[in-house]
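# Observations on chain architecture
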Amino acid sequence: MSIRPAALKREASAAAAGATVRSVIAGCGSYLPERIMTNHDLAKMVDTSDEWIVERTGIRHRHIAAEGENTSHLAVKASERALAAAGMKADVVDLIVLATATPDETFPATATRVQERLGIVRGAAFDVQAVCSGFIYALAVADNFLRLGQADTALVIGAETFSRILDWKDRSTCVLFGDGAGAVVLKAGQGRGLPTDRGVLTTKLHSDGRQHDLLYATGGVSSTRTAGVVRMDGPKVFKHAVERLAEVVEESLAGAGLTSADVDWVVPHQANRRIIDGVGKKLGLPAERVVVTVDHHANTSAASVPLALTEAVGDGRIQRDEVVVMEAMGGGFTWGAAVVRM
Ligand code: UT7
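## Comments concerning the overall build of the chain
Per the secondary structure count, the chain includes 11 helices and 13 strands. At 19 Å, the chain has a C-alpha radius of gyration in line with the 20 Å of a compact globule built from 342 residues. Seen through its principal axes, the chain has C-alpha atoms that stretch 65 × 45 × 40 Å. Going through the 342 residues of the chain one by one, you find that 56% of them count as buried.

Put into structure tokens, the structure is as follows:
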């Protein structure tokens, strides 16, 4: 990929001024499919109940994509809203990083479908796959492109149609997930140094392939020529999630030269209300500063963090200049966190 002259110029002037190039969140947007599936609907399909699901997960309902409504369709709608919130036209975008474990097709990347539908004819568009941690991974990748001057304006998207890879007869997994998409517009800007500047302050990513069997899909192009369905050892994943997420939040805050006392908002991956509360407690973060959407979104995998971020920005909770920590964990295992000054 060639380095564009504008990016080179910006990098040179930033270096001359001794400034840091930061990736600033210029806008965010989200989209949820129209159809809502309640716990009561699920109780008609598998041996479960609204009481069990609410008590064990905090989930009350989730959105399910319509037939023919694919991951790219959700992603395009979220991206259009993110661009509108940023006050930008699509043609300024020169990088699209889309996180998904449920792409439209085996290839090409769903990001290129989004690029085409948004009318963007330049720059690079590709997918990243880190399941539920996908948005944090995508944010880290885009942030690095922007800070290195390889792009100016990125769309970072988390979009999933997880309903397509659920075993609707397995009550231990099918009640947990939903469909949706969230996107942010990241714009390269110049800061003056920590800690007062806006933008992505740090990202920390991890993976541990030894934990594959605790959370995976039973198929794949190369192994079974099918997409497979989700399998999870819930209690074991739960235990890892609370520990790994608390660790990576602390690591990311330390990387930004901050402590939990500096955090205005936590936007966690929305897998289970009890995990969200457990991590918050471990870090000593006040519950009212943690954004929770799991009750009405369920676990939307890579879409969960940008969906929650968009909700809290949209209703005025998250304000400019506030410090937001995002975290997520998913199959692989993969996990990560990002600290952003909005
Ligand atoms: O996003 C990726 C990361 N994923 C996660 O973070 C998910 C992590 N895990 C969890 O959120 C929780 O472990 C679950 C919500 C998946 C399960 O909750 P749990 O409290 O760990 O329950 P459990 O799996 O230990 O099951 C308790 C009981 C079992 O019955 P017995 O053996 O005690 O008779 C299950 O068979 O609940 C039963 N059960 C259900 N009952 C009604 C499992 N699923 C259901 C269900 N409805 N849907």
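The rest of the description comes next.
## Some thoughts on helix 9 (residues 273-283)
Within the span of helix 9, buried status applies to I275, I276, V279, G280 and L283. Buried residues in helix 9, looked at end-on, bunch into an arc of 130 degrees, giving them a common side. For helix 9, the exposed residues set more than 90 degrees away from the buried face come down to K281 and K282. Contacts made by the buried residues of helix 9 are with helix 8 (234-255), strand 11 (265-268), helix 10 (294-297) and strand 12 (323-330). Capping the start of helix 9, N272 holds a side-chain oxygen 2.7 Å from the backbone nitrogen of R274, two or three residues further along. At the exit of helix 9 stands G284, carrying a positive phi of roughly 70 degrees.

## Some points on the site of the ligand
The local shell around the ligand holds 23 residues, among which T48, R56, H269, N272 and N299 are the closest. Within the contact set of the ligand, an oxygen atom lies 2.8 Å away from a side-chain nitrogen or oxygen of R56. The pocket occupied by the ligand, as judged from atoms lying within 2 Å of grid points, is the second largest pocket. Secondary-structure elements contributing two or more residues to the shell around the ligand are helix 3 (50-57), helix 7 (171-174), helix 8 and helix 9. Looking at the shell around the ligand, the element that brings in the most residues is helix 8, giving four residues. Considering only residue class, the shell around the ligand consists of 12 nonpolar, seven polar and four charged. The residues that make up the shell around the ligand include at least three from each of domain 1 (5-189) and domain 2 (199-341).

## Let's talk about the packing of helix 8 against helix 9
Between helix 8 and helix 9, the shortest axis-to-axis distance is 9 Å and the interhelical angle comes to 40 degrees. When the interaxial angle is binned, helix 8 and helix 9 end up oblique. Crossing of helix 8 against helix 9: the hand is right-handed. Contacts between helix 8 and helix 9 pair F238, A241, V242, E243, L245, A246, V249 and E250 from the former with R274, I275, G278, V279, K282 and L283 from the latter.

Conventions used here
Residues numbered from 1 in each chain as written. Predicted model: local features only at pLDDT ≥ 70, side-chain atom pairs only at ≥ 80, totals over all residues. Heavy atoms only, no water. Helix = DSSP H or I, 4+ residues; strand = E, 2+ residues; numbered from the N terminus. Rg over C-alpha atoms; globule rule 2.2 N^0.38 Å. Buried < 20%, exposed > 50% of the residue type's maximum accessible area, 1.4 Å probe, protein only. Arc of directions from axis to C-beta. Contact = heavy atoms within 4.5 Å. Polar contact = N/O pair within 3.5 Å; in protein donor to acceptor, adjacent residues only side chain to side chain. Near = heavy atom within 4 Å. 1 Å grid on protein atoms, 1.4 Å probe; cavity = no way out; pocket = protein on both sides within 12 Å on 5 of 7 lines; lining within 4 Å. Sits in = over half its atoms within 2 Å of the grid points. Nonpolar A, V, L, I, M, F, W, Y, C, P; charged D, E, K, R; others polar. Domains from an automatic or database assignment. Axes fitted to C-alpha atoms, helices over the stretch in contact; angles between N-to-C directions. Parallel < 35°, antiparallel > 145°, perpendicular 65-115°, else oblique. Left-handed = near helix turned anticlockwise from the far one by under 90°.

Structural measurements only, silent on function.
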